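Here is what each chain is made of, one letter per residue.
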Number of protein chains: 2
Amino acid sequence: MDTGSAIDLAVSTVIFALRSNDPLQPRGEPTVWIPLVRRLRAPYDNHWALPGGPLGADEGPTDAARRALQSTTGLQPKYLEQLYTFGDPERSPGATRVVSIVYWALVGIDEVAHAPARQNVRWLPADDLPTLAFDHNLIVDYALWRLRTKVSHSRIAHAFLGETFTLADLREVHEVVLGKRLDPANFRRQVLASGHVVATGGMRTGGRHRPARLYRYDQSMSMTDHGPLGPVLLSERNS
Amino acid sequence: MDTGSAIDLAVSTVIFALRSNDPLQPRGEPTVWIPLVRRLRAPYDNHWALPGGPLGADEGPTDAARRALQSTTGLQPKYLEQLYTFGDPERSPGATRVVSIVYWALVGIDEVAHAPARQNVRWLPADDLPTLAFDHNLIVDYALWRLRTKVSHSRIAHAFLGETFTLADLREVHEVVLGKRLDPANFRRQVLASGHVVATGGMRTGGRHRPARLYRYDQSMSMTDHGPLGPVLLSERNS
DNA sequence: CCAAAAGTGTTTCAGCTACACCCATGA
DNA sequence: TCATGGGTGTAGCTGAAACACTTTTGG
């Protein structure tokens, strides 16, 4: 029974990446940034909004989220997970009612630098945004909260990094996301004890100090969370 | 731009309650049960399915979930939270494509007993279900997993109980949900230390043993999780 | 040699587990 | 008085936090 509902169904994605605050100094303290797209029509004409669009007729929501990510950043997500579905009638005032299935994603720091700049897309710091379209400020805040809780008791922080990384890199990701300093010695022990990370044998030299061992993530699981469907969450469930 | 999408949007609810296995012996070991409704049309004619229905044009998803709960059990939920949105194109084979926003809920054990029996509604044990309609077995399994993880590191178990309860009652809920025995002494200390529970001053006598103190939940927060919207999650976030 | 970060060792403390023990009631 | 569960006390283990200390590089 198709009721011919008057409700539009859309998918949006909150995309997180780490970027240095000062573009002239790529080695500076990074913070969390997200890409937004400029709206070109009412309501909220000219406001920034989360990337997304209507759910295609033969497309799953996860595919739609990945498509939104691709079209705004040109990147593949290192991590992708459904966040929440927003459907209150009042959330799109004056317009057709829209129910949004929202995802959140992580992309690697080095890939962002090489991605081509897109028209009407701008990266902004996630914790200091202007007023966005619709309820998107609320959505970003919720996604940020989810990112922080997930980083604190799961092991996804490496999704912000490239293929290999030092433990100092990984610790910096945690520090930036959680907003506090972590003891290098204890952080090292916890990460190594978790077994999620494997030494490559390589070293990173160049600092005026002892070289650091390089690690890579133990890729026994892909980094897309298919929710209750895929095998990924199954391994998440057991952890 | 209303695309006049051909996708139906529905809301379903996984409703959990504790029931004794043996209806003749209400004091027996309870287990987790859920109410299901019998489908009266294809596809999956005559199969059991989660209660729910299409999202009303002027109705928020949470209201729709509460409505599904009301119409099948006649009850108010003690706890209600969005679970996940299922939208893969293949999940309703041969029928109009349906995207389902699924909620999960807890209702009190004593209220269920007094609720009127409804036509085409039956309570079944959650961990031993027959083949349900659509992907509803998967959804129930996911909701069960979420219930267990939430019970282990949040304080919602009391939502299965009535207004007042003994710590043994509360411990039994944990034991049934988690499927393992808990040390009474340690459980008591952890619950009391959490501060979420307050002694009423009353006692429950009648057992052939020392009377037990009665407690009630510290109602500083309502037990509906409005996701990122309401004040509830804010307090949840800080815990 | 010095500064700085990598990496190791060790003490301390909080929280949880296990379990011994006493208390109050019904039969 | 005995069986039963309510309720308290406490020793021991484990893991995290804090921090002293050694190692290895660049300048």
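All values derive from a computational prediction rather than experimental measurement. (Residues numbered from 1 in each chain as written. Chains lettered and ligands numbered in written order. Predicted model: local features only at pLDDT ≥ 70, side-chain atom pairs only at ≥ 80, totals over all residues. Heavy atoms only, no water.)

1. Overview of the pairing of strand S10 (residues 212–217) of chain B
Residues and elements named next belong to chain B. Sheet topology note: the strand S8 (residues 164–165)/S10 ladder contains two bridges and is antiparallel. By the bridge assignment, Phe165 is partnered in S10 with Tyr215. Relative to S10, strand S9 (residues 197–204) runs antiparallel, the two being bridged by five bridges. Counted as the bridge partner of Val198 is Arg216 from S10. (Pairing = 2+ DSSP bridges. Helix = DSSP H or I, 4+ residues; strand = E, 2+ residues; numbered from the N terminus.)

2. A word on the confidence of the model for chain A
All names here are of chain A. The predicted model of chain A has a mean per-residue pLDDT of 88, with 87% of residues at 70 or higher. By mean pLDDT, helix H6 (residues 231–238) is the weakest element of chain A at 38, and strand S3 (residues 48–49) is the strongest at 98. Low pLDDT, under 50, characterises residues 231–239; the stretch is placed with 16 contacts to residues that sit more than four places away or in other chains. (pLDDT = per-residue confidence, 0-100. Contact = heavy atoms within 4.5 Å.)

3. Observations regarding the protein's contact with DNA strand D
Taken together, 21 residues sit near DNA strand D, with A:Asn186, B:Ala168, B:Arg188, B:His209 and B:Arg213 positioned nearest. Looking at DNA strand D alone, sugar and phosphate atoms form 59% of those within 4 Å of the protein. B:Arg188 is positioned with one of its side-chain polar atoms (N or O) 2.5 Å from a phosphate oxygen of DNA strand D. Contact between DNA strand D and B:Arg208: a base oxygen at 3.0 Å from a main-chain N or O atom of the residue. (Near = heavy atom within 4 Å. Polar contact = N/O pair within 3.5 Å; in protein donor to acceptor, adjacent residues only side chain to side chain.)

4. A short note on the packing of aromatic side chains
For the structure on display, the rule yields twelve aromatic pairs over all chains. Ring centres 5.2 Å apart and planes at 65 degrees place the aromatic pair A:Tyr84 and A:Phe86 in the edge-to-face group. Judged by relative accessible area, which is 8%, A:Tyr84 ranks as buried. Aromatic side chains B:Tyr142 and B:Trp145 sit 5.5 Å apart centroid to centroid with 15 degrees between the ring planes, which places their arrangement in the stacked category. Placement of both B:Tyr142 and B:Trp145 in helix H3 (residues 136–153) is noted, with a separation of three residues, approximately one turn of the helix. Grouping aromatic residues by their ring pairs yields a cluster made of A:Tyr84, A:Phe86, A:Tyr142 and A:Trp145. (Phe/Tyr/Trp six-rings, centres within 6.5 Å; stacked < 30°, edge-to-face > 60°. Buried < 20%, exposed > 50% of the residue type's maximum accessible area, 1.4 Å probe, protein only.)

5. Regarding the packing of helix H4 (residues 167–178) of chain A against helix H5 (residues 184–194) of chain A
Residues and elements named next belong to chain A. The N-to-C vectors of H4 and H5 enclose an angle of 100 degrees; their axes lie 10 Å apart at closest approach. With respect to H5, the element H4 is oriented roughly perpendicular. Within the contact between the two elements, H4 uses Leu167, Leu170, Arg171 and His174 and H5 uses Pro184, Phe187, Arg188, Val191 and Leu192. When its residues are assigned to classes, the contact of H4 with H5 shows six nonpolar, one polar and two charged. (Axes fitted to C-alpha atoms, helices over the stretch in contact; angles between N-to-C directions. Parallel < 35°, antiparallel > 145°, perpendicular 65-115°, else oblique. Nonpolar A, V, L, I, M, F, W, Y, C, P; charged D, E, K, R; others polar.)

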